[in-house]
Amino acid sequence: MKKPSIGMSLEGMPIFGLCVLLTLVLAICELPFLALVAFILTAFVGHFFRDPERVVPQDDGVAVSPADGKVCKVSREADPITGEERQVVCVFMNVFNVHVNRIPVTGTVKKLLYIPGKFFNASLDKASKDNERLAMGVEDEDGNHWTVVQIAGLIARRIVCWAEEGDSLSRGSRYGLIKFGSRLDVYLPEDYVSDVYVGQTVCAGQTVLAKKKQ
């Protein structure tokens with residue numbers, strides 16, 4: 001599995017470098033207004049692809065959020081990999097959120113399923129079924145099945161997943177990103193229940209998303 005850098009996601013470095021180069025060229029050519037626009041674009045790209053460290057909870061029986069953003073839905077839906085009805089927690093990311101995605105639980109990647117689709121606003125309910133997405137099936141240390149789905153949105157047009165089938169990942173570790181705003185859906189095993197509410201702001205790898213039933 002490829003590992004991104006810490007300060008900035010590996011995927012953002014080429015874009016950031018081009019923006020810096022463009023800014024310098026415009027400044028050298030004494031085009032101040034265009035240089036300022038390019039500088040603002042450079043700052044936005046650097047902000048978008050930032051990749052901060054997070055404090056991952058070490059408690060037993062918890063799962064963390066896979067993305068920064070707001071919880072836009074908590075309901076029961078059919079798992080796109082198994083077809084079983086499960087509780088699902090959906091997190092919407094806008095363009096200002098950190099976009100590096102993190103694995104909710106320690107486990108092994110059992111399946112990656114790419115599903116082509118459209119590019120509706122990712123905050124809409126139909127995005128889970130109609131939008132382009134990548135579903136990842138993970139088996140945790142207790143044998144429970146989790147499904148984490150990266151969903152492309154209205155602006156986001158590229159899903160990036162660094163994980164491969166057979167990879168063993170630790171809770172909170174980086175595994176991918178979606179460029180320029182989108183959504184993550186997490187389908188929970190039956191012995192887990194969500195620990196968040198609609199409208200709650202969550203942090204990837206740090207906010208407890210679900211807990212094991214007592």
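Everything here concerns the structure above.
Just so it is clear, the model here is predicted, and its values are computed rather than measured.

Q: I'm lost on the pattern of salt bridges in this one. Help?
A: Per the stated rule, a full pass over the model turns up 11 salt bridges. Glu-53 is the salt-bridge partner of Arg-174, the closest N and O atoms lying 3.4 Å from each other. Highlighted residues: Arg-174 in strand S10 (residues 174-178) and Glu-53 in the loop between helix H2 (32-48) and strand S1 (62-64), separated in sequence by 121 residues. Between Arg-86 and Glu-84 there is a salt bridge, with its nearest N and O atoms 2.8 Å apart. Residue classification places Arg-86 among the buried residues on the basis of a relative accessible area of 7%. Taking the relative accessible area as the measure of exposure, Glu-84 reaches 42% and is therefore partly exposed.

Q: Please explain a nonpolar patch on the surface as it appears in this structure.
A: A cluster of nonpolar residues, Leu-31, Phe-33, Leu-34 and Val-37, forms a patch on the protein surface that exposes about 380 Å² of accessible area. Residue Leu-34 is classed as partly exposed on the basis of its relative accessible area of 42%.

Q: Would you take a moment to explain unusual backbone geometry for this structure?
A: With glycine set apart, most residues show a phi of negative sign, and most peptide bonds adopt trans. Of note in the backbone geometry, Glu-30 takes a positive phi value of approximately 60 degrees without being a glycine. In this fold, Glu-30 is placed in the loop between helix H1 (13-28) and H2. Assessed through its relative accessible area of 67%, Glu-30 is described here as exposed.

Q: Would you mind showing me how to read the environment of His-145 here?
A: For His-145, the location among the structural elements is in strand S7 (residues 145-152). Put simply, His-145 and Gly-107 are 38 residues apart on the chain and 9.3 Å apart in space, counted from C-alpha to C-alpha. Sequence-distant contacts of His-145, defined by excluding residues within four places in its chain, comprise Asp-79, Ile-81, Thr-82, Arg-86, Gly-137, Val-138, Tyr-187 and Pro-189. A distance of 2.9 Å separates the side chain of His-145 from the side chain of Thr-147, its partner in a polar contact.

Q: What is the right way to look at the sheet that holds strand S14 (residues 208-212) in this model?
A: Strands belonging to one sheet form pairs held by backbone hydrogen bonds; the direction of such a pair is parallel or antiparallel. With respect to topology, three strands assemble into an open sheet ordered S1-S14-S12, the strand pairing being antiparallel. Edge positions in the open sheet fall to S1 and strand S12 (192-194), since each of these has one partner strand only. Going from strand to strand, the sheet's axes swing by 25 degrees on average, the running direction of each strand aside. One ladder, built from three bridges, connects S1 with S14; its direction is antiparallel. Of the residues in S14, the one forming a bridge with Val-64 is Val-208.

Each value, and the rule that gives it
Residues numbered from 1 in each chain as written. Predicted model: local features only at pLDDT ≥ 70, side-chain atom pairs only at ≥ 80, totals over all residues. Heavy atoms only, no water. Salt bridge = Lys/Arg side-chain N within 4 Å of Asp/Glu carboxyl O. Helix = DSSP H or I, 4+ residues; strand = E, 2+ residues; numbered from the N terminus. Buried < 20%, exposed > 50% of the residue type's maximum accessible area, 1.4 Å probe, protein only. Patch = residues over 30% accessible without salt bridge, like charges linked within 9 Å, V, L, I, M, F, W, Y side chains within 5 Å. Areas by Shrake-Rupley, 256 points an atom, 1.4 Å probe, with all protein chains shown as cover. Contact = heavy atoms within 4.5 Å. Polar contact = N/O pair within 3.5 Å; in protein donor to acceptor, adjacent residues only side chain to side chain. Pairing = 2+ DSSP bridges. Axes fitted to C-alpha atoms, helices over the stretch in contact; angles between N-to-C directions.

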